[in-house]
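Results of the structural survey
Residues per chain are reported as follows:
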Amino acid sequence: MENQFDYIDKQILSKLRLDARKAYSQIAEELKVSNSLIHQRIKKLTAEGVIKNAEFVLEEKSLGYKTKSYTGIRLREARFAKEVMYELEKIPEITECNFVSGYYAIFILIFARDNEHLQKILYDNVHLIKGVAGTDTFICFDTCFKRHIPIE
């Protein structure tokens, strides 16, 4: 498919993006197409890797995670990258890990209960991983917006 979607595909993706739990029958009704067509298209989009999974979005602050931060990780040597990322995945407060170019080799997103908890995550976990040379952490005051990529 290589990112070439027809009108129906784009509409399905737009509707699922707003509410991944929306009933296929409701999407079919809104698009004025058959329920089976929606099932077929979603099955095709899933098989092609366009749709990975439907998930709930949890509100971190409501769960007690009041400190959000982005941390850049410098490595002792590039050869440590995979091992470090494997170890980072074991830390539950790290919700995203990106292998990047530039001064930092890895950028992670951390949710902590407060600054003290963040410090504990960094010094008792991240800094003790073999291959980590250092970190720089950026506290996120607020998320101004978050959106999906455009469907074209």
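These lines cover the structure that appears in this document, whether it is placed above or below. (Residues numbered from 1 in each chain as written. Predicted model: local features only at pLDDT ≥ 70, side-chain atom pairs only at ≥ 80, totals over all residues. Heavy atoms only, no water.)

1. As for the packing of aromatic side chains
A complete count under the given rule lists three aromatic pairs for this structure. Ring geometry for Y104 versus F107: centroids 5.4 Å apart, planes at 90°, classification edge-to-face. With 6.2 Å between their ring centres and 15° between their planes, F107 and F138 make a pair best called stacked. Here F107, found in strand β3 (residues 106-112), pairs with F138, found in strand β4 (residues 132-140); they are 31 residues apart in sequence, far enough to count as distant. A relative accessible area of 24% means that F107 is categorised as partly exposed. The class for F138 is partly exposed, based on a relative accessible area of 40%. A network of ring pairs unites the aromatic residues Y103, Y104, F107 and F138 as a single cluster. (Phe/Tyr/Trp six-rings, centres within 6.5 Å; stacked < 30°, edge-to-face > 60°. Helix = DSSP H or I, 4+ residues; strand = E, 2+ residues; numbered from the N terminus. Buried < 20%, exposed > 50% of the residue type's maximum accessible area, 1.4 Å probe, protein only.)

2. Some points on the sheet that holds strand β2 (residues 94-99)
The antiparallel open sheet is built from four strands, whose spatial order is β2-β3-β1-β4. The open sheet terminates on both sides in strands that have one partner only, identified here as β2 and β4. Each strand axis lies, on average, 20° off the axis of its neighbour in the sheet, ignoring direction. Relative to β3, strand β1 (residues 67-75) is paired through seven bridges, and the arrangement is antiparallel. (Pairing = 2+ DSSP bridges. Axes fitted to C-alpha atoms, helices over the stretch in contact; angles between N-to-C directions.)

3. Some points on a nonpolar patch on the surface
The grouping of F56, L58 and L63 at the surface amounts to a nonpolar patch, some 370 Å² of accessible area in total. By secondary structure assignment, the location of F56 is in the loop between α3 (35-47) and β1. (Patch = residues over 30% accessible without salt bridge, like charges linked within 9 Å, V, L, I, M, F, W, Y side chains within 5 Å. Areas by Shrake-Rupley, 256 points an atom, 1.4 Å probe, with all protein chains shown as cover. Salt bridge = Lys/Arg side-chain N within 4 Å of Asp/Glu carboxyl O.)

4. Observations regarding the environment of A78
Residue placement: A78 occurs in the loop between β1 and α4 (81-88). Residues A78 and I94, spaced 16 residues apart in sequence, show a C-alpha to C-alpha distance of 21 Å.

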